[in-house]
Amino acid sequence: MNPKRFDYFAPESLNEAIKILAEKEDAKVLAGGQSLIALMKLRLAAPQAIVDLNSVKENLSYIREENGYLAIGAMTTHDEIEHSEVIKSKFTLLNDAASKIGDQQVRNKGTIGGSCCHADPAADLPTALMALNPTFVATGPSGSREISYEDFFVDTFTTSLARDEILTEIRIPYLEQRSGSAYIKHSRREGDFAIVGVGAVLLMDKSNVCKEARISLGAVAPTIIRAKKAEKYLAGKKITEEVLEEVGERARDGADPPSDMHGSREYRLDMIKVFTKRAIKQALGRVR
Ligand SMILES: Cc1cc2nc3c(=O)[nH]c(=O)nc-3n(C[C@H](O)[C@H](O)[C@H](O)COP(=O)(O)OP(=O)(O)OC[C@H]3O[C@@H](n4cnc5c(N)ncnc54)[C@H](O)[C@@H]3O)c2cc1C
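All values derive from a computational prediction rather than experimental measurement. (Residues numbered from 1 in each chain as written. Predicted model: local features only at pLDDT ≥ 70, side-chain atom pairs only at ≥ 80, totals over all residues. Heavy atoms only, no water.)

(A) Region of the structure containing the sheet that holds strand 2 (residues 27-30). Here three strands make up an open sheet; going across it, the order is 1-3-2 and the pairing parallel. Of all the strands in the sheet, the pair left with one neighbour each is strand 1 (7-9) and strand 2. Across the sheet, the mean angle from the axis of one strand to that of its neighbour is 25 degrees, orientation sign disregarded. (Pairing = 2+ DSSP bridges. Helix = DSSP H or I, 4+ residues; strand = E, 2+ residues; numbered from the N terminus. Axes fitted to C-alpha atoms, helices over the stretch in contact; angles between N-to-C directions.)

(B) Fine view of the packing of aromatic side chains. Going through the model one piece at a time under the given rule, you end up with four aromatic pairs. Between the aromatic rings of Phe136 and Phe152, the centroid separation amounts to 4.0 Å while the plane-to-plane angle is 15 degrees, which identifies the pairing as stacked. Within this pair, whereas Phe136 is found in strand 6 (residues 135-140), its partner Phe152 is found in helix 9 (residues 149-152), the two being separated by 16 residues in sequence. According to the relative accessible area criterion, Phe152 is buried, its value standing at 0%. Both rings, one in Phe152 and one in Phe153, keep their centres 5.0 Å apart while their planes meet at 90 degrees; by these two values the pair is edge-to-face. The exposure class of Phe153 is buried, given its relative accessible area of 11%. Taken together, Phe136, Phe152 and Phe153 form an aromatic cluster joined through their ring pairs. (Phe/Tyr/Trp six-rings, centres within 6.5 Å; stacked < 30°, edge-to-face > 60°. Buried < 20%, exposed > 50% of the residue type's maximum accessible area, 1.4 Å probe, protein only.)

(C) Examining the packing of helix 11 (residues 241-251) against helix 12 (residues 265-285) more closely. As a packed pair, helix 11 and helix 12 sit with axes 8 Å apart at the nearest point and diverge in direction by 130 degrees. When the interaxial angle is binned, helix 11 and helix 12 end up oblique. When you trace helix 11 past helix 12, the crossing you get is right-handed. Only Ile272, Lys273, Thr276, Lys277, Ile280 and Lys281 of helix 12 make contact with helix 11, whose side of the interface consists of Glu241, Leu244, Glu245, Val247, Gly248, Glu249 and Ala251. Residues of the contact of helix 11 with helix 12, tallied by class, amount to five nonpolar, two polar and six charged. (Parallel < 35°, antiparallel > 145°, perpendicular 65-115°, else oblique. Left-handed = near helix turned anticlockwise from the far one by under 90°. Contact = heavy atoms within 4.5 Å. Nonpolar A, V, L, I, M, F, W, Y, C, P; charged D, E, K, R; others polar.)

(D) Up close: the pattern of salt bridges. In the structure shown here, the tally under the stated rule is 24 salt bridges. Here Glu169 and Arg171 are joined by a salt bridge, their closest N and O atoms 2.6 Å apart. As a salt-bridge pair, Arg252 and Asp270 come within 3.3 Å of each other at their nearest N and O atoms. Here Arg252 is found in the loop between helix 11 and helix 12, whereas its partner Asp270 is found in helix 12, with 18 residues between them in sequence. Given a relative accessible area of 42%, Asp270 falls into the partly exposed group. Salt bridges sharing common partners tie together Glu245, Glu249, Arg252, Asp270, Lys273 and Lys277. (Salt bridge = Lys/Arg side-chain N within 4 Å of Asp/Glu carboxyl O.)

(E) Region of interest: the side chain of Ser179. As for its position among the elements, Ser179 is in strand 11 (residues 179-186). Residue classification places Ser179 among the buried positions, given a relative accessible area of 13%. Of note is the side chain of Ser179, whose polar atom sits 2.8 Å from the backbone oxygen of Glu176. Among residues more than four places away in sequence, those in contact with Ser179 are Leu202, Leu203, Arg286, Val287 and Arg288. (Polar contact = N/O pair within 3.5 Å; in protein donor to acceptor, adjacent residues only side chain to side chain.)

(F) Up close: the site of the ligand. Val29, Gln34, Ser35, Thr111 and Asp124 are the nearest of the 31 residues found near the ligand. The separation between an oxygen atom of the ligand and a polar side-chain atom of Ser35 is 2.7 Å. Between the ligand and the protein, one listed contact pairs an oxygen atom with a backbone N or O atom of Ser115 at 3.4 Å. Protein burial of the ligand: of its 970 Å² of free accessible surface, 88% is covered by the chains. Going through the elements one at a time, strand 2, helix 7 (112-118) and strand 10 (166-173) are the ones with two or more residues in the shell around the ligand. Tallying contributions element by element places helix 7 first for the shell around the ligand, with four residues. Residues of the shell around the ligand, tallied by class, amount to 14 nonpolar, 12 polar and five charged. (Near = heavy atom within 4 Å. Areas by Shrake-Rupley, 256 points an atom, 1.4 Å probe, with all protein chains shown as cover.)

(G) How the structure looks around the pairing of strand 2. In terms of strand pairing, strand 2 meets strand 3 (residues 49-52) through four bridges, oriented parallel. Directly across from Lys28, in strand 3, lies its bridge partner Ile50. Between the parallel pair strand 2 and strand 3, the chain is carried across by helix 2 (residues 36-41), and the sense of this crossover is right-handed. (Right-handed = clockwise from strand over helix to strand, strands pointing away.)

(H) Region of interest: the environment of Met1. Tracing the chain through its elements places Met1 in the segment before strand 1. Among the residues examined, Met1 registers a relative accessible area of 69% and is labelled exposed. As for Met1 and Pro258, which are separated by 257 residues in sequence, their C-alpha atoms are 28 Å apart. If near-sequence neighbours (up to four positions away) are discounted, Met1 is found in contact with Lys41, Leu42 and Arg43.

Right, here's the structure in full:
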């Protein structure tokens, strides 16, 4: 199917893009187009105007080590994240997640900003990101503001960005020494969306006691969630099989998975347990 008619804008600056968003009632930003164009073709989205970010002069595609955090530009592609050395060495779970998205064509065009703004609860990079306590930088008519990871995802396909705001950067605080991370995606076939996605970050002390655990879950609720009860239980413990069993149980708390053609609610609840345990084990194996 062809999309409904729309006006197309290719602004040359962020300011111009924001101005168009503010003026037009029903305008949508276009980044990699890997979600938006598909929705428009299916007529599940029919914006009156498209504001293409690909010509803006400001560079929104970068991975930069700043003082205290890693900065990722919103237009950085999945492929760039998958192949970044700094991400591989310091935030391995993002590398895991990016490499599991769709196929190479999708990874070449799709962006981390687009994936976050699309706010699909089954999306891989946003799920992995949520275990890293990121801050989202939104730029609008009155400048930039920071949005905490706890406030960014509001509901399925809904973020806390205003209509005339553009996500410009994602900031990820560095992890301490003796930390490890992993993202595991459970899907029917390679390249499918996750039935369950689990991100795990572990901060360990010298005697191998877990100081802090962060566990994010995708595809199991209307938005990506953190398994707070499991995180709390794991903190202060050595990671044994018995502890992992209990963590897996507790990770299900707060999940409200749907039943659909890819798996029943009960199946997904079981898979949360299985894949949480696996993600933690993999993160533990990567602690340095
Ligand atoms: C065949 C196929 C398979 C896929 N498989 C997976 C998968 O396995 N896992 C997965 O996680 N994803 C998958 N995706 C989705 C893919 O990751 C998309 O790249 C991503 O969801 C959207 O990124 P984009 O840059 O293409 O955004 P777009 O499609 O351009 O935009 C998506 C939404 O975000 C808004 N937006 C984009 N950028 C900004 C910004 N900077 N500020 C404000 N709003 C913005 C747009 O207005 C739109 O509403 C798949 C897509 C396809 C086509």
